[in-house]
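Residues per chain, in single letters:
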Amino acid sequence: MTNPCPSRTVMRILPARKRIALIAHDGKKTELMEWAGRWRETLARHELVGTGTTAGRVAKTLSLPVQGLMSGPLGGDQQIGALITEQRLDLLIFFWDPFSPQPHDPDVKALLRLAALWNIPVACNAASADFMVSSPWLESAYQMTIPDADSWVSDRTAS
């Protein structure tokens, strides 16, 4: 039987200018906006992408370019997951609400699973986001390992 999970043998280099996803559930949008306002100058040096209302609010309030995707319940979380899988996203800042069940909870779980699988740094609240964006690695190239997906698929199809 083949290994159920791919080995981490492929190197990926995150660029100095990171591609950062910003997501917040409704009950956490104000908190994310306050956090992003404090880090506006830092965020302005990177490429930003966000889901639905969050992307629009960040763009309008902070006068920053943000690539807007669909709202989370309409597939935006899955779009972010696709960017992770395609290695077109470097950091995930996702203020999720632990007190409110979401109709798209399976999508949220899938997104967090992909971030873990592809070794993407994730911040889920203001404190972890502060640590992430104050890291010296934020504005430097960073080498990391990711799954060897091609080898894993080859092994599985050869069986």
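Residues numbered from 1 in each chain as written. Predicted model: local features only at pLDDT ≥ 70, side-chain atom pairs only at ≥ 80, totals over all residues. Heavy atoms only, no water.

Here the focus is the nonpolar core. Judged by nonpolar contacts, the single largest core of 24 residues is most densely connected at Ile20, Leu22, Trp35, Leu43, Ile93 and Phe95. Every element with two or more residues in this core is listed here: strand E2 (19-24), helix H1 (29-38), helix H3 (52-62), strand E5 (91-95) and helix H6 (126-133). Apart from residues no more than four positions distant in its own chain, Phe95 is found in contact with Ile23, Ala24, His25, Lys28, Glu31, Leu32, Trp35, Cys124, Asn125, Ala126 and Ala129. (Core = buried A, V, L, I, M, F, W, Y, C linked by side-chain atoms within 4.5 Å. Buried < 20%, exposed > 50% of the residue type's maximum accessible area, 1.4 Å probe, protein only. Helix = DSSP H or I, 4+ residues; strand = E, 2+ residues; numbered from the N terminus. Contact = heavy atoms within 4.5 Å.)

Let us look at the pattern of salt bridges. Enumeration according to the criterion identifies eight salt bridges in this entry. The partner of Arg45 in a salt bridge is Glu139, and the shortest N-O contact between them spans 2.7 Å. Residue Arg45 is located in the loop between helix H2 (40-43) and strand E3 (47-51), and its partner Glu139 is located in the loop between H6 and strand E7 (142-146); the two are separated by 94 residues in the primary sequence. Look at Arg45 and you get partly exposed, because its relative accessible area is 42%. Here Glu139 falls in the partly exposed class, since its relative accessible area comes to 37%. (Salt bridge = Lys/Arg side-chain N within 4 Å of Asp/Glu carboxyl O.)

Another aspect to go through is the environment of Ser100. If you trace the backbone, Ser100 turns up in the loop between E5 and helix H5 (105-117). Residues Ser100 and His25, 75 residues apart in the sequence, show an inter-C-alpha distance of 8.8 Å.

Let us now look at the sheet that holds E5. As a general point, the strands of a sheet are linked pairwise by backbone hydrogen bonds and lie either parallel or antiparallel. Within the open sheet, the five strands sit side by side as E4-E3-E2-E5-E6. Their pairing is parallel. Of all strands in the sheet, those bounded by a partner on one side alone are strand E4 (66-69) and strand E6 (122-123). Where helix H4 (residues 76-85) meets the sheet, its contacts fall on E2, E3, E4 and E5, and the angle it forms with E3 comes to roughly 145°. (Pairing = 2+ DSSP bridges. Axes fitted to C-alpha atoms, helices over the stretch in contact; angles between N-to-C directions.)

All right, on to the packing of H1 against H6 then. At their nearest, the axes of H1 and H6 sit 11 Å apart, and the two run at 25° to each other. Between H1 and H6, the crossing angle belongs to the class labelled roughly parallel. Where H1 crosses over H6, the two elements pack in a sense that is right-handed. In this structure, H1 uses Glu31, Trp35 and Arg38 to contact H6, whose residues at the interface are Ala126, Ala129, Asp130 and Val133. By residue class, the composition of the contact of H1 with H6 is four nonpolar, no polar and three charged. (Parallel < 35°, antiparallel > 145°, perpendicular 65-115°, else oblique. Left-handed = near helix turned anticlockwise from the far one by under 90°. Nonpolar A, V, L, I, M, F, W, Y, C, P; charged D, E, K, R; others polar.)

Here Asp107 is to be found in helix H5. No salt bridge is formed by the buried Asp107, whose closest oppositely charged neighbour, Lys109, lies at an N-O distance of 12 Å. (Lys, Arg positive; Asp, Glu negative; His and termini not counted.)

Quick look at the packing of H1 against H3 now. At a closest axis distance of 11 Å, the pairing of H1 and H3 adopts a crossing angle of 40°. The two elements H1 and H3 meet at a crossing, and its hand is right-handed. From H1, Lys29, Thr30, Leu32, Met33, Ala36 and Gly37 reach across to H3, where they touch Thr53, Thr54, Arg57, Val58, Thr61 and Leu62. In the contact of H1 with H3, the residues fall into five nonpolar, five polar and two charged.

Another aspect to go through is H1. For H1, the set of buried residues is Lys29, Leu32, Met33, Trp35 and Ala36. Down the axis of H1, the buried set is contained in an arc of 165°. They therefore lie on one face. Buried residues along H1 sit in contact with E2, H2, H3, E5 and H6. (Arc of directions from axis to C-beta.)

Counted residue by residue, E5 has five buried out of five residues, so it is predominantly covered. Pairing of E2 with E5, which is carried by five bridges, proceeds in the parallel orientation. Residue pairing in the sheet places Ile20 in a bridge with Leu91 of E5. One ladder, built from two bridges, connects E5 with E6; its direction is parallel. Note that in E6 the partner of Ile93 across the bridge is Ala123.

Distances and angles like these do not, on their own, reveal function.
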